[in-house]
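# Observations on chain architecture
One-letter residues, chain by chain:
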Amino acid sequence: KPNPASVYATFDYTLPMAGKKGVISITSGTGKTIQVFELNTTKGQIDWDTREVPSGVYYYKLQSSGLIKTGKIVVE
């Protein structure tokens, strides 16, 4: 949130009880990794600064203990 983003995007997350660590990775439409956030708490919030990122569609993936969640975010 917000989506579309112009200054930042915030990711709220809750990891499975079995895993206290995880990763949120953000990739471009061409598959290039743009940013990786390591998660060290079961629940939290990560802010992605999008001011230096070109406008376009980006994809995010949350991975932790077998859990995989994906989504799309637009940067304007």
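Rules used in this analysis
Starting from 1, residues in each chain are numbered consecutively following that chain's sequence as written. It should be noted that, the model being predicted, local features are given only for residues of pLDDT at least 70 and side-chain atom pairs only at 80 or more, the latter also being counted only at that level, while totals for whole chains, interfaces and linings use all residues. Water and hydrogen atoms were dropped before computing side-chain values, which therefore reflect all heavy atoms in the structure. Patch rule: a residue counts if its relative accessible area is over 30% and it has no salt bridge; like charges are joined within 9 Å, and nonpolar side chains (Val, Leu, Ile, Met, Phe, Trp, Tyr) within 5 Å. Per-residue accessibility takes into account occlusion by the displayed protein chains alone, with areas from the Shrake-Rupley method and a 1.4 Å probe. Whenever a carboxyl oxygen of Asp or Glu lies within 4 Å of a side-chain nitrogen of Lys or Arg, that contact is scored as a salt bridge. To qualify as a helix, a DSSP run of H or I must reach at least 4 residues; to qualify as a strand, a run of E must reach at least 2; elements of each kind are numbered from the N terminus. For two strands to count as paired, DSSP must find a minimum of two bridges between them.

## Observations regarding a nonpolar patch on the surface
Together, V57, Y59 and V74 give the surface a local cluster of nonpolar side chains, amounting to about 210 Å² of exposed area. By the element assignment, V57 lies in strand β5 (residues 56-64).

## Observations concerning the pairing of strand β3 (residues 33-39)
Two faces, one strand: in a regular strand the side chains alternate between the faces of the sheet. Of the strand pairs in this sheet, strand β2 (residues 22-28) and β3 are connected by 6 bridges, and their pairing is antiparallel. When the sheet's bridge partners are listed, G22 is paired in β3 with L39. The hairpin formed by β2 and β3 contains 4 residues between the paired strands, and G31 there has a positive phi angle of roughly 95 degrees.

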